[in-house]
Amino acid sequence: MSTLFVNNLNTASGTTITVPTGKQIIGTDTNSIKAPGMVIQMQSSTLGGSSTQSSPTSFTDTGLTCNITPKYSNSKILVIVHHVISVTTGGSHSRFDFRCIESGSSTEVYRMDYHGTDGASANTQRNASGSGVFTCSNTNQLTFKTQVQKANGTEGTIYPNWYAESIQTMQLLEIAQ
């Protein structure tokens, strides 16, 4: 067997380099093959429901977090969150803000304002799911987390993880650039 040493491949003619049927290009380590737009890795986390209650007027952690250590300093991290939040009110309405941030830089990846309830003494579940993209600047570990707060001047109580059957999830996908 011989070894071919090259720094670049180019075509003799045309724009396609073909790998024949039945042949493979195999990388011998986790970073040996990379193409823009390719998923490099995925990390995920889940959080089960509990009866945690809060009425924060500033952003407070929900308990859902996920870590990823980028393999490349110029990657993008696609963050996908699914979170169910229950809201009760003793008045006419309630609203809450929900966001996902990268905790080291406090960069918001996703943020929404939700209407919790529209009737007196109601209890409503809201799907606070969303996604966003974070741009890496190094290969240090990143921690993403979700947070919730009561919107200004609204009534009610927020239950970030109320129902035991609800499972909150977060997926982080490193995308090559």
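Provided above is the structure to which this section pertains.
We now turn to the structure provided with this report. (Residues numbered from 1 in each chain as written. Predicted model: local features only at pLDDT ≥ 70, side-chain atom pairs only at ≥ 80, totals over all residues. Heavy atoms only, no water.)

The final tally for this structure, using the stated rule, is two aromatic pairs. On the basis of an interplanar angle of 85° and a centroid distance of 5.5 Å, the ring pair of Phe-134 and Phe-144 is categorised as edge-to-face. Of the two residues, Phe-134 sits in strand E8 (residues 130-135) while Phe-144 sits in strand E9 (residues 142-150), which places them 10 residues apart along the sequence. Assessed through its relative accessible area of 0%, Phe-144 is described here as buried. Residue placement shows Arg-99 over the ring face of Phe-59; its charged tip is 3.9 Å from the ring centre. (Phe/Tyr/Trp six-rings, centres within 6.5 Å; stacked < 30°, edge-to-face > 60°. Helix = DSSP H or I, 4+ residues; strand = E, 2+ residues; numbered from the N terminus. Buried < 20%, exposed > 50% of the residue type's maximum accessible area, 1.4 Å probe, protein only. Lys NZ or Arg CZ within 6 Å of the ring centre and 35° of its normal.)

Taken together, the side chains of Leu-4, Val-6, Leu-9 and Ile-17 make up a nonpolar region of the molecular surface, amounting to roughly 450 Å² of accessible area. Take Ile-17: it is sitting in the segment before strand E1 (39-48). A relative accessible area of 52% means that Ile-17 is categorised as exposed. (Patch = residues over 30% accessible without salt bridge, like charges linked within 9 Å, V, L, I, M, F, W, Y side chains within 5 Å. Areas by Shrake-Rupley, 256 points an atom, 1.4 Å probe, with all protein chains shown as cover. Salt bridge = Lys/Arg side-chain N within 4 Å of Asp/Glu carboxyl O.)

The values are spatial; any link to function lies outside them.
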